[in-house]
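Each chain, letter by letter, is given below.
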Amino acid sequence: MTDEKLEVMLTAEQIGNRIRELAAQISKDYQGKNPLLIGVLKGAVIFLSDLIRQIEVPVEIDFMAVSSYGVDTDSSGVVRILKDLEQSIQGKDVLIVEDIVDTGLTLNYLRENLITRQPKTLKVITLLDKPDRRKVPFEPDYCGFIIPDRFVIGYGLDYGEDYRHLADLCILNP
Ligand code: PRP
Ligand code: 7HP
């Protein structure tokens with residue numbers, strides 16, 4: 001890494017290894033089922049695409065886009081649906097796939113919203129969890145890594161739409 005503002009927190013290899021473990025757990029928990037994985041755009045796209053290629057039960061995917069952040073690193077607390085699902089989730093085993101839980105506002109809102117659509121089951125997997133930042137209580141069902149309260153970029157996560165392409169997860173120093 002040549003950019004002095006960036007410090008590696010998790011290497012691509014560490015992330016890959018953890019995703020294999022998560023996928024094994026999901027394959028076990030959803031044995032005999034056909035879960036619908038809902039990726040939350042845009043940050044979760046890379047995690048979702050790596051995860052589904054390791055899961056050994058048949059999955060479907062769909063996407064939602066919600067917005068609670070501008071170009072700043074802090075949450076406005078306002079959640080809006082920018083793109084909704086293309087299908088009904090009634091009676092389905094649904095797994096929301098996120099890159100990070102920070103304040104918990106986004107997933108708290110999404111979970112409440114999707115529950116009203118009567119899925120058979122509704123769980124949440126996040127690659128990263130920053131519990132120190134919570135504004136509302138929220139516990140993911142599956143979590144890749146618990147991380148400290150540092151702003152991270154790479155592996156899908158951005159700062160002002162930059163850095164999503166980085167293979168490692170990095171801390172963005174001011
Ligand atoms: C990020 C992340 C989560 C949300 C988590 O998305 O992907 O959706 O913030 O934050 P919270 O727990 O404080 O609500 P962001 O709004 O940055 O959009 P992006 O995925 O398109 O980068
Ligand atoms: C959102 C977000 N986006 C990128 N990096 C972080 O650390 C973040 N927390 N919440």
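In this report, the structure presented in the accompanying data block is examined. (Residues numbered from 1 in each chain as written. Chains lettered and ligands numbered in written order. Predicted model: local features only at pLDDT ≥ 70, side-chain atom pairs only at ≥ 80, totals over all residues. Heavy atoms only, no water.)

Next up on the list: the packing of aromatic side chains. The relative placement of two aromatic rings is captured by the distance of their centres and the angle of their planes. If you walk through the whole model with that rule in mind, you get one aromatic pair. Residues phenylalanine 151 and tyrosine 159 carry aromatic rings whose centres are separated by 5.9 Å and whose planes lie at 80° to one another, so their mutual orientation is edge-to-face. According to the relative accessible area criterion, phenylalanine 151 is partly exposed, its value standing at 26%. (Phe/Tyr/Trp six-rings, centres within 6.5 Å; stacked < 30°, edge-to-face > 60°. Buried < 20%, exposed > 50% of the residue type's maximum accessible area, 1.4 Å probe, protein only.)

The strand order across the open sheet built from six strands is β4-β3-β2-β5-β6-β7, with neighbouring strands paired in mixed fashion. Whereas interior strands pair on both sides, the edge strands pair on one side only; in this sheet they are β4 (80-83) and β7 (142-146). With direction set aside, neighbouring strand axes in the sheet form an average angle of 30°. Here strand β5 (residues 93-101) pairs with strand β6 (residues 121-129) via eight bridges, running parallel. Following the sheet pairing, leucine 95 is matched in β6 by lysine 123. (Pairing = 2+ DSSP bridges. Helix = DSSP H or I, 4+ residues; strand = E, 2+ residues; numbered from the N terminus. Axes fitted to C-alpha atoms, helices over the stretch in contact; angles between N-to-C directions.)

This part is about the side chain of aspartate 168. Within the fold, aspartate 168 resides in the loop between β8 (152-153) and β9 (169-172). For the buried aspartate 168, no salt bridge is present, and the opposite-charge side chain at shortest range is arginine 20, 13 Å distant. Polar side-chain contacts of aspartate 168 include one of 2.8 Å to the backbone nitrogen of alanine 12. (Lys, Arg positive; Asp, Glu negative; His and termini not counted. Salt bridge = Lys/Arg side-chain N within 4 Å of Asp/Glu carboxyl O. Polar contact = N/O pair within 3.5 Å; in protein donor to acceptor, adjacent residues only side chain to side chain.)

A few words now on the state of the cysteines. Under the counting rule described, the total for this entry stands at zero disulfides. The closest cysteine sulfur to the non-disulfide-bonded cysteine 143 is located on cysteine 170, 19 Å from its own sulfur. For cysteine 170, a relative accessible area of 0% corresponds to the buried category. (Disulfide = S-S within 2.5 Å.)

This brings us to the sheet that holds β9. The strand order across the open sheet built from three strands is β1-β9-β8, with neighbouring strands paired in antiparallel fashion. Looking along the sheet, the strands with just one partner apiece sit at the ends: β1 (6-10) and β8. Pairing of β8 with β9, which is carried by two bridges, proceeds in the antiparallel orientation. Across the sheet, isoleucine 153 pairs through a bridge with cysteine 170, a residue of β9.

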